[in-house]
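One letter stands for each residue in the lines below.
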Amino acid sequence: MLIKKPDDIKPSEITAESVYLRRREFMQLAAGLALTPFIGGGSVEAKTLQSLKFRTGSAYSSKEAMTDFESIATYNNFYEFGTDKTSPAKYAHLLTTSPWSIVIDGEVSKPGKYNLEDILKQHALEERIYRLRCVERWSMVVPWIGFPLADLIKRFSPTSKAKYVAFETLHRPEEMFGQQRSVLNWPYVEGLRMDEAMHPLTILAVGLYGKEMPNQNGAPIRLVVPWKYGFKSIKSIVRISFTEKQPPTSWNISAPSEYGFYSNVNPQVDHPRWSQRKERRIGEFLRRDTLMYNGYAEQVADLYKGMDLKKHF
Ligand SMILES: Nc1nc2c(c(=O)[nH]1)N[C@H]1C(S)=C(S)[C@@H](COP(=O)(O)O)O[C@H]1N2
Ligand SMILES: [Mo]
């Protein structure tokens with residue numbers, strides 16, 4: 001996100017499925033030659049995505065047209081697999097997502113290391129169709145499958161000292177070769193204020209389009225905070241910590257003048273290097289006006305009452 005000046009999406013960047021699949025085969029071959037140690041003899045086939053059971057019809061879902069699956073699964077930001085939009089779809093299959101556990105620690109009554117399967121048994125899944133707005137000025141509408149983060153937080157009962165929730169992505173450079181270069185401070189970390197984390201719009205997602213999460217979208221479990229720029233929605237989470245102090249966040253560490261802790265979608269606050277007033281919805285030609293809080297102002301504006309949003313960007 002820092003390396004190239006963001007540009008509009010060229011149609012050539014979003015390839016048709018057949019082209020993409022053929023190119024992926026080629027890239028896997030190339031990866032096999034160049035990156036043999038990371039493949040480790042395992043299968044290089046992308047995993048077959050299992051269907052999930054879930055409820056539909058959430059009142060929080062957007063009624064806008066959904067972005068097609070191919071675009072959602074081939075135009076990604078996941079720097080652990082390279083900085084190009086197309087790299088995650090090519091290389092994320094190298095990540096082993098099972099078994100998976102999550103460490104819950106910090107200011108919490110029930111700390112521990114929990115198997116993801118055991119956590120998921122406690123939560124009914126639902127579909128949430130949300131707008132996602134990247135700081136690079138493109139947007140999508142994604143039918144996520146997940147459950148409210150608030151439900152998980154209540155289950156582990158944070159102490160009264162817990163003011164923030166911090167999240168950490170897996171650090172496994174042998175499978176995430178992007179972590180072999182210091183593009184970012186690994187592991188990727190993010191955080192929310194407790195009231196943001198408890199907000200009913202905030203979910204942990206384990207799938208999209210009715211199936212389990214493609215690796216490139218953050219399998220097996222990622223955060224989705226729809227009123228914030230996409231980078232707050234951290235992927236492939238292995239740790240959730242409850243803290244008294246505001247936790248560090250990867251993009252803020254990397255470029256503090258460009259990425260603040262809050263990172264709410266706000267067309268009135270320019271990124272230092274570009275305006276945030278407009279966005280390109282993937283698949284559309286004309287740009288749209290970017291909406292305050294990505295269109296979720298009615299639900300979330302109260303959380304920021306009295307805050308100077310130019311200072312707390
Ligand atoms: N661990 C991790 N999480 C991440 C990122 C990343 O590079 N690493 N990129 C972020 C950015 S900048 C965006 S826009 C979204 C993209 O999510 P998507 O690829 O599912 O559309 O993931 C976010 N979560
Ligand atoms: Mo992003």
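Trainee: I tried to follow the overall build of the protein on my own but got confused; where do I start?
Mentor: Assigned secondary structure in the protein consists of nine helices and 12 strands. Buried positions account for 54% of the 313 residues belonging to the protein. Considering only contacts in the protein between residues 6 or more positions apart, those separated by 24 or more positions represent 73%. Looking at the protein as shown, the accessible area adds up to about 14,300 Å², and 53% of this sits on carbon and sulfur atoms.

Trainee: Where do I start with the pairing of strand β11 (residues 278-281) in this structure?
Mentor: Successive residues of a regular strand alternate their side chains across the two faces of the sheet. As paired strands, strand β4 (residues 138-148) and β11 are joined by two bridges and run parallel to one another. Paired with tryptophan 138 across the two strands is arginine 280, which belongs to β11. As paired strands, β11 and strand β12 (residues 288-289) are joined by two bridges and run antiparallel to one another. Bridge pairing in β12 links glutamate 279 to arginine 288. The hairpin formed by β11 and β12 contains six residues between the paired strands, and glycine 283 there has a positive phi angle of roughly 95°.

Trainee: I keep staring at the side chain of glutamine 179 and nothing clicks. Help me out?
Mentor: With respect to the secondary-structure elements, glutamine 179 resides in the loop between β5 (164-169) and β6 (189-193). Separated by 3.0 Å, the side chain of glutamine 179 and the backbone oxygen of leucine 170 make a polar contact. Separated by 2.8 Å, the side chain of glutamine 179 and the backbone nitrogen of arginine 172 make a polar contact. Once you skip the residues sitting within four places of it in the chain, glutamine 179 turns out to touch Glu80, Leu170, His171, Arg172, Pro173 and Trp186.

Trainee: How should I be thinking about the pairing of β5 in this particular structure?
Mentor: Here β5 lies mainly inside the structure; five of its six residues are buried. Both β5 and β6 contribute to a ladder of five bridges, which runs antiparallel. Within β6, the position partnered with tyrosine 164 by the bridge is arginine 193. Relative to strand β10 (residues 237-243), β5 runs antiparallel, the two being bridged by six bridges. The residue of β10 that forms the bridge with valine 165 is phenylalanine 242.

Trainee: How should the site of ligand 1 be read in this particular structure?
Mentor: The immediate surroundings of ligand 1 are formed by 17 residues, with Asn76, Tyr79, Glu80, Arg222 and Lys235 found nearest. At 2.8 Å from an oxygen atom of ligand 1 is found a main-chain nitrogen or oxygen belonging to tyrosine 79. Here a nitrogen atom of ligand 1 and a side-chain polar atom of threonine 169 are 2.9 Å apart. For ligand 1, whose free accessible area comes to 540 Å², the fraction covered by protein is 99%. Among the detected pockets, ligand 1 sits in the largest cavity. Across the shell around ligand 1, the residue classes break down as eight nonpolar, six polar and three charged.

Trainee: Sorry if this is basic, but what is going on with the pattern of salt bridges here?
Mentor: Opposite charge on two side chains makes pairing possible when the charged atoms of those side chains draw close. Summed over the entire model, instances satisfying the criterion amount to 19 salt bridges. Here lysine 121 and aspartate 118 are joined by a salt bridge, their closest N and O atoms 3.2 Å apart. With a gap of three residues between them, lysine 121 and aspartate 118 both fall in helix α5 (residues 116-121), about one helical turn apart. Residue class for lysine 121 comes out exposed when judged on its relative accessible area of 66%. Residue glutamate 190 is joined to lysine 232 by a salt bridge in which the shortest nitrogen-to-oxygen separation is 2.8 Å. Here glutamate 190, found in strand β6, pairs with lysine 232, found in the loop between β9 (222-224) and β10; they are 42 residues apart in sequence, far enough to count as distant. A single burial state applies to glutamate 190 and to lysine 232, both of which are buried. Salt bridges linked by common partners bring Glu64, Arg131, Arg133, Glu279, Arg281, Glu284 and Arg288 together as one network.

Trainee: Is there a simple way to think about the sheet that holds β6 in this case?
Mentor: Sheet strands pair via backbone hydrogen bonds, and the direction of the pair is either parallel or antiparallel. Judged by pairing direction, the sheet is mixed, and its five strands sit side by side in the order β2-β1-β10-β5-β6 without closing on themselves. Bordering the open sheet on either side are β2 (112-115) and β6, each of which pairs with just one other strand. The average undirected angle you get between the axes of adjacent strands in this sheet is 20°.

Trainee: Sorry, what's going on with helix α6 (residues 149-156) here?
Mentor: Side chains three or four residues apart in an α-helix point the same way, a direct result of the helix having 3.6 residues per turn. Those residues of α6 not exposed but buried are Leu149, Ala150, Leu152, Ile153 and Phe156. The buried residues of α6 occupy an angular sector of 160° when the element is viewed end-on, so they sit on one face. At the exit of α6 stands serine 157, carrying a positive phi of roughly 35°.

Quick notes on the rules
Residues numbered from 1 in each chain as written. Chains lettered and ligands numbered in written order. Predicted model: local features only at pLDDT ≥ 70, side-chain atom pairs only at ≥ 80, totals over all residues. Heavy atoms only, no water. Helix = DSSP H or I, 4+ residues; strand = E, 2+ residues; numbered from the N terminus. Buried < 20%, exposed > 50% of the residue type's maximum accessible area, 1.4 Å probe, protein only. Contact = heavy atoms within 4.5 Å. Areas by Shrake-Rupley, 256 points an atom, 1.4 Å probe, with all protein chains shown as cover. Pairing = 2+ DSSP bridges. Polar contact = N/O pair within 3.5 Å; in protein donor to acceptor, adjacent residues only side chain to side chain. Near = heavy atom within 4 Å. 1 Å grid on protein atoms, 1.4 Å probe; cavity = no way out; pocket = protein on both sides within 12 Å on 5 of 7 lines; lining within 4 Å. Sits in = over half its atoms within 2 Å of the grid points. Nonpolar A, V, L, I, M, F, W, Y, C, P; charged D, E, K, R; others polar. Salt bridge = Lys/Arg side-chain N within 4 Å of Asp/Glu carboxyl O. Axes fitted to C-alpha atoms, helices over the stretch in contact; angles between N-to-C directions. Arc of directions from axis to C-beta.

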